[in-house]
Amino acid sequence: MKVTKDDLDNVAVLSRLTIPSEEAPQYIEQLDKFLTYVDNLAQVDTEEVRPTTYALPIQNVFRDDVVKPSLDREAALSNAPLKEDGYFKVPKVLED
Amino acid sequence: MRLYNKPAHVLHDMLVSGEITSVQLTQDVLARIDEVEGDVRAYLTLTRDEALAQAKAVDAKIAAGEPISFLEGIPGAIKDNICTKGVKTTCASKILEHFVPPYDATVMTKINKENPVILGKTNMDEFAMGGSTENSGFFPTHNPWNTECVPGGSSGGSAAAVAAGTAIWAIGSDTGGSIRQPASFCGVVGMKPTYGRVSRYGLVAYASSLDQIGPLTRDVTDCAHLLNIISGHDEMDSTSSDVPVPDYTKSLVSDVKGLKIGLPREYFVKGMDPEVEKTVRAAIDQFRSMGAEVVDISLPHTDYAISTYYLIAPAEAATNLERYDGVSYGERVDGEDLVEMMTNTRSELFGEEVKRRIIIGNYALSAGYYDAYYLKAMKVRTLVQQDFTVAFRDVDVIMAPTAPTPAYKIGAMIDDPLQMYLQDACTVPVNLAGLPGISIPCGFSSQNMPIGLQIIGKPLGEETLLRAAYTYEQSQNFHQQMANLGGKEA
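Here the structure is a predicted model, which means the values were calculated and not measured.

Q: An account of the overall build of chain B is requested, with residue identities and associated values reported.
A: Helix and strand counts for chain B stand at 15 helices and eleven strands. Compactness check: chain B gives a C-alpha radius of gyration of 21 Å against a globular reference of 23 Å for 490 residues, within 12% of the reference. The burial tally for chain B puts 68% of its 490 residues in the buried class. The contacts in chain B between residues at least 6 apart in sequence include a share of 75% that link residues at least 24 apart. For chain B, the accessible area works out to roughly 15,600 Å², and carbon and sulfur atoms hold 49% of it. Taking the average location of the 41 positive side-chain charges in chain B and that of its 60 negative ones, the two points are 3 Å from each other.

Here's what the structure looks like:
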């Protein structure tokens, strides 16, 4: 196995996901199978190859810095699960 | 006379001549929805009242003698990952179950200028992750040709609606085959344009360097018209191309004499359904008989494209889906503190496949694995792209199957994600290279399930694709056949 329970726990925290312990073995097995499958990339010589992020050559797209109308506050908040006084409201972040 | 089974260009002419009204047409398609939607389930949201109001407005305009644009008064459907102002846009995810966008995607702004009739939002794999529409957070869509089979995905609702006659045209999105493969499974025309040809502003992002919006239609003529409407530069999407948009309907010319077609030997793989291979080769023979030249080519890095895609797409997805944190939009599941609230929200409301891809993506991006997986995949992506660049020095288009099999039974692959990923072997390289690709109907299996021919073009080579596809379409009638749906055909 390439993937350990610690690996899964670590990546779950990074992903802000809880993996229930009874589902962990299946996740580990599937991630392991997947990583074994993509190991075929190791056979490819990429020593002199530059990475591609976008398929088309797009570089530094600029536009004029002009103020234009944008969503008003009410519209921007219209889908908020919880809001108050024109702000998004979240559970307490800092201790008292 | 039933109208739901006609292509948009025919209906447009009937509207212009006064033979039909938009209300008649819209009512006919809504009646078709009443007849078959219970079996197909292509829609997540139906906007019947708005649709009829739009139709009435168009009829008033026609009655006043005003000219109408191509899509005006013609009912269509939009994939539910494209933001529609004031109409729920869920991405088939519980986490966006009640999300109502406060703005329109650029494609919607462009489409709405045409005054079409919008019937609703179509089902999909959650966040476009999947190839069967079984990963919808709400319910699966069924293939109109055999409701025990999947419609393909992730734009399965859009393809099924066009095939079932519950929409005349539809819009989808394609990240690794999500327009072309369901088009193939449902027997309709589906095009993924060149990366950058259509603005992605307002398309809920899955994998931003691969996503592209495109049309699903009854025939190639409608495809060209839709492409005219949705293409073009948009300052809201800095990856959109500023190359001028040609009139794609000028490419609807029946002539492939001298067209050079490349057949990549790597795409006719072992394990491919023999009926698919036979049908696709017969279509290519048809091109040869119409004067095209067919040569064998090689795309040597094809074997690595699936691995490359399934590292890059989840890595981009893991990043894009960070925004679903229960704060600014979407649903929330409470927790003791901020991090617990975010974790609970994501854990309870994302589906299995979405979580699996987020885990894969964050693993590939995490410290210690980045070079071996993500960076390596981006380098191999360069090689996949170079394969095409080299091939296109000698050929005008590349032809291959769209999918290695016809539509399979619902549930057949759901427990084996890796097997499902291999279904995408013929489509993902096209997204990695940013090329245009179209799937057109080219025949049926012995079980009477549609089979699609994929035509792949050079960057911004949509005109050549359309000409080739149109020429083929003129030579047969596969595109005119419609799903029977248990005898519910008119």
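After presenting the structure, the write-up continues.
Q: Describe in detail the side chain of B:R197, supporting the description with residues and values.
A: Residue and element names in this part refer to chain B. In this structure, R197 sits in the loop between β5 (189-192) and β6 (212-217). No salt bridge is formed by the buried R197; its nearest oppositely charged neighbour, E462, is found at 5.6 Å. In this structure the side chain of R197 is engaged in a polar contact, spanning 2.5 Å, whose partner is the backbone oxygen of V243. A polar atom in the side chain of R197 sits 3.4 Å from the side chain of Y248. Residues within four places of R197 in sequence aside, it is in contact with Q212, S231, G232, S241, V243, P244, V245, P246, Y248, L460 and E462.

Q: Could you give me a rundown of the packing of aromatic side chains, with the residues and numbers involved?
A: Summed over the entire model, instances satisfying the criterion amount to 18 aromatic pairs over all chains. Ring centres 5.4 Å apart and planes at 35 degrees place the aromatic pair B:Y103 and B:Y201 in the tilted group. A residue pair is termed long-range when its members are at least 10 positions apart, and B:Y103 in the loop between β2 (75-79) and α4 (106-112) and B:Y201 in the loop between β5 and β6 qualify at 98 residues. Ring plane angle 70 degrees and centroid distance 6.1 Å describe the contact between B:Y324 and B:Y329, whose orientation is recorded as edge-to-face. Take B:Y324: its relative accessible area is 3%, and that puts it in the buried class. When its relative accessible area of 25% is taken as the criterion, B:Y329 is described as partly exposed. Cluster of aromatic residues (ring-pair linked, three or more members): B:F99, B:F127, B:Y324, B:Y329 and B:F350. Against the face of A:Y87 rests A:R73, its NZ or CZ located 5.4 Å from the ring centre. Above the ring of B:F139, the side-chain terminus of B:R41 is found at 3.8 Å from the ring centroid.

Q: Before we move on, could you go through the pairing of strand β4 (residues 169-174) of chain B and cite the residues and values that matter?
A: Residue and element names in this part refer to chain B. Within β4, six of the six residues are buried, leaving the element largely enclosed by the surrounding structure. Judged by which residues are buried, β4 turns out to be covered on both faces: W169, I171 and S173 on one side and A170, G172 and D174 on the other are all buried. Bridge count between β2 and β4: three bridges; the pairing is parallel. Note on β4: the bridge partner recorded for G76 is W169. One ladder, built from five bridges, connects β4 with β6; its direction is antiparallel. Residue pairing across strands places G172 opposite G214, the latter belonging to β6.

Q: Help me get a handle on the environment of B:A407, residues and values and all.
A: Residue and element names in this part refer to chain B. Its location among the elements puts A407 in the loop between β9 (397-401) and α13 (417-422). On the basis of relative accessibility, which here comes to 10%, the residue A407 falls in the buried class. C-alpha separation for the pair A407 and R218, spaced 189 residues apart in sequence, amounts to 18 Å. Non-local contacts of A407, meaning those with residues more than four positions away in its chain, are made with N143, C149, V150, F185 and M449.

Q: Got a sec to walk through the pairing of strand β11 (residues 450-456) of chain B? Specific residues and values, please.
A: Residue and element names in this part refer to chain B. Within β11, seven of the seven residues are buried, which leaves the element mostly enclosed by the surrounding structure. Of the two faces of β11, the one carrying P450, G452, Q454 and I456 and the one carrying I451, L453 and I455 are both buried. Two strands pair when backbone bridges link them, and β9 and β11 are joined in this way by four bridges, in the antiparallel orientation. Looking at the pairing, P401 lines up with L453 of β11. Here strand β10 (residues 437-444) runs beside β11; their pairing, made up of seven bridges, is antiparallel. Paired with I438 across the bridge in β11 is I455. Taking the residues that link successive antiparallel strands as the turn, the β10-β11 hairpin has five residues, and the phi of N448 there is positive, at about 65 degrees.

Q: Quick one: what's the story with the interface of chain A and chain B, residue by residue and with numbers?
A: At the interface, 54 residues of chain A touch 65 residues of chain B. The junction of chain A with chain B conceals about 5,100 Å² of combined surface from both sides, 65% of it contributed by carbon and sulfur atoms. Counting across the interface, chain A meets chain B through one salt bridge. A:K68 is the partner of B:E235 in a salt bridge, and the nearest nitrogen-oxygen pair spans 2.4 Å. Linking chain A with chain B are 18 residue pairs in polar contact (both at pLDDT 80 or more). Of the residues assigned to the side of chain A that touches chain B, the class counts are 33 nonpolar, ten polar and eleven charged.

What counts, and at which threshold
Residues numbered from 1 in each chain as written. Chains lettered and ligands numbered in written order. Predicted model: local features only at pLDDT ≥ 70, side-chain atom pairs only at ≥ 80, totals over all residues. Heavy atoms only, no water. Helix = DSSP H or I, 4+ residues; strand = E, 2+ residues; numbered from the N terminus. Rg over C-alpha atoms; globule rule 2.2 N^0.38 Å. Buried < 20%, exposed > 50% of the residue type's maximum accessible area, 1.4 Å probe, protein only. Contact = heavy atoms within 4.5 Å. Areas by Shrake-Rupley, 256 points an atom, 1.4 Å probe, with all protein chains shown as cover. Lys, Arg positive; Asp, Glu negative; His and termini not counted. Charge placed at Lys NZ, Arg CZ, Asp CG, Glu CD. Salt bridge = Lys/Arg side-chain N within 4 Å of Asp/Glu carboxyl O. Polar contact = N/O pair within 3.5 Å; in protein donor to acceptor, adjacent residues only side chain to side chain. Phe/Tyr/Trp six-rings, centres within 6.5 Å; stacked < 30°, edge-to-face > 60°. Lys NZ or Arg CZ within 6 Å of the ring centre and 35° of its normal. Pairing = 2+ DSSP bridges. Buried area = accessible area lost by both parts, 1.4 Å probe. Nonpolar A, V, L, I, M, F, W, Y, C, P; charged D, E, K, R; others polar.

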